[in-house]
Amino acid sequence: IAAQVFDKQWYQRRVAITAGNDSPMYTLQFSVDTPVSIKCVLYVPQFIPKFDFANLGQYGISLYSRKVMVQAKNPKLLPEWLMFLQGVVDSEDVPLNLSRELLQESVIINKIKSVITGKMISYLNRMAKRDANKYEEFYKEYGQFLRIGLVSTESQSEREDLTRLLRFESDKEDSGVLISLDQYLDRAPDDQRHIYYLSAPSREIALASPYYENLAGHGYEVLFSYNKEDDVVLFKIETYKDKRLTSAEAANVKAKEKDGRNEEGEEPKLDKQSGSVLSSWMRNTLGKDTVKEVKLSDKHHSHPAVVVVENLTTLRRYLAMTPPEQKEASYKYLLHDNVTLELNPQHPIIRKLADMKDSHPEVAELIAAQVFDNALINADLVHDPRKMIPRLNKILESTLDSVEVSSSSKFQNE
């Protein structure tokens, strides 16, 4: 009842201030008696308010005690990830004579904050189930705040509730369609122990990734994330409903064993002995200070090679935060201890490289280095791709020289 009065009063004040009829995206009204007596009205604006992050004290909801304003803006009533909320809260438990300093650190204020946070998370989960399309609009606008909440909260139950609010594209859905982790699990096989995801700049790049190909080839659904912060968020969550969240790069899904015969139309495979010799040669060529190990891959994909890195998310995040003047040294130092290069024994480049290393060693070394860098690009581990240009020009020159020789021989024969 009191909340309805506040609803009308606050909304009218908002209209007067903004000089427009900006209807909220969501409105939450509630009252509770325990653990603290409060009546509250909260609004989610249609669009993210413009924040001055140097002065966050100007944000927050209004605090009342028995309908008397105590503080126009109290940022302590909300966690930082809910700073976009507008509204009022009235509590009879807040003394009117409480000083501003004590108001910031008050146990009562912390209790009110806890209640509001829990109520808002529950409300958003209800709205997501009630109207999925409208919730998608909210998520596209405010998803970054949910990510902050997930990383910053110390409450496991709160983290689980926030995890339910996450949304991602899927390779099983059309572009732009978002699904929840619960939807992913509903259609996953019962014996699947992982929730697979892939971070990429776009859907097109994700679908072309060798890491995605490996999982898709085994029938697994893969979630796509185009936001780099999701890498950290999903790494922080670790598990959801007893299923481990696993990046496609870290997925240990291997190709099925065959009887050694190639299926019709399938590329021939480099034998193990030749593959072992090539792997040893490539590691020596690339340098032991560049790559930890080179070996044949047992994964299913159409690329010449992939790199496998332990704790790739942590490594990428660390490298991204490294100061510009230290990036080159950091990449070289961290990669050589962590990167394993896995060669695709069925790829034509790898099969031909096994012969070329003996017949055309100089060109083979250029190709080996480019294969490695291409694999690093697919793992988003290349600091400055411009360094490849001289090598690529040499490879193009060698290619044109061989074409020129072939053409000349053809004309002479004619």
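Everything discussed here concerns the structure shown above.
The paragraphs below set out a description of the structure included in this document. Please read these numbers as outputs of a predicted model, since none were measured by experiment.

1. Structural notes on the sheet that holds strand β2 (residues 38-44)
Within a sheet, neighbouring strands are paired by backbone hydrogen bonds and run either parallel or antiparallel to one another. Taken in spatial order, the 5 strands of this open sheet run β1-β2-β5-β3-β4, and their pairing is mixed. Each edge of the open sheet is held by one strand with a lone partner, namely β1 (26-32) and β4 (68-74). Pairwise comparison of adjacent strand axes, ignoring direction, gives a mean angle of 10° for this sheet. One ladder, built from 7 bridges, connects β1 with β2; its direction is antiparallel. In the strand pairing of β2, Leu28 is matched with Leu42. Along the sheet face, helix α3 (residues 107-130) touches β1, β2, β3 (61-65), β4 and β5 (86-90) and points at about 130° away from the line of β1.

2. Describing the environment of Asp93
Within the secondary structure, Asp93 is located in the loop between β5 and α2 (100-105). Under the relative-accessibility criterion, Asp93 is labelled partly exposed at 35%. On a C-alpha basis, the gap between Asp93 and Ile109 in space is 9.7 Å, while along the polypeptide they are 16 residues apart. For Asp93, the residues in contact, after removing those within four places along its chain, are Val36, Ser37 and Ile108. Among the polar contacts listed, one links the side chain of Asp93 to the backbone nitrogen of Ser37, at a separation of 2.9 Å.

3. Looking at the packing of helix α4 (residues 132-152) against helix α5 (residues 156-163)
The N-to-C vectors of α4 and α5 enclose an angle of 155°; their axes lie 9 Å apart at closest approach. On the basis of their axis angle, the class for α4 and α5 is roughly antiparallel. You can see that α4 and α5 cross each other, and the crossing is left-handed. Counted together, Leu146, Gly149 and Leu150 of α4 and Arg159, Leu162 and Thr163 of α5 form the full contact between these two elements. Looking at side-chain class alone, the contact of α4 with α5 contains 3 nonpolar, 2 polar and 1 charged residues.

Criteria and cut-off values
Residues numbered from 1 in each chain as written. Predicted model: local features only at pLDDT ≥ 70, side-chain atom pairs only at ≥ 80, totals over all residues. Heavy atoms only, no water. Pairing = 2+ DSSP bridges. Helix = DSSP H or I, 4+ residues; strand = E, 2+ residues; numbered from the N terminus. Axes fitted to C-alpha atoms, helices over the stretch in contact; angles between N-to-C directions. Contact = heavy atoms within 4.5 Å. Buried < 20%, exposed > 50% of the residue type's maximum accessible area, 1.4 Å probe, protein only. Polar contact = N/O pair within 3.5 Å; in protein donor to acceptor, adjacent residues only side chain to side chain. Parallel < 35°, antiparallel > 145°, perpendicular 65-115°, else oblique. Left-handed = near helix turned anticlockwise from the far one by under 90°. Nonpolar A, V, L, I, M, F, W, Y, C, P; charged D, E, K, R; others polar.

Honestly, that's just the spatial picture; any functional story needs more than this.
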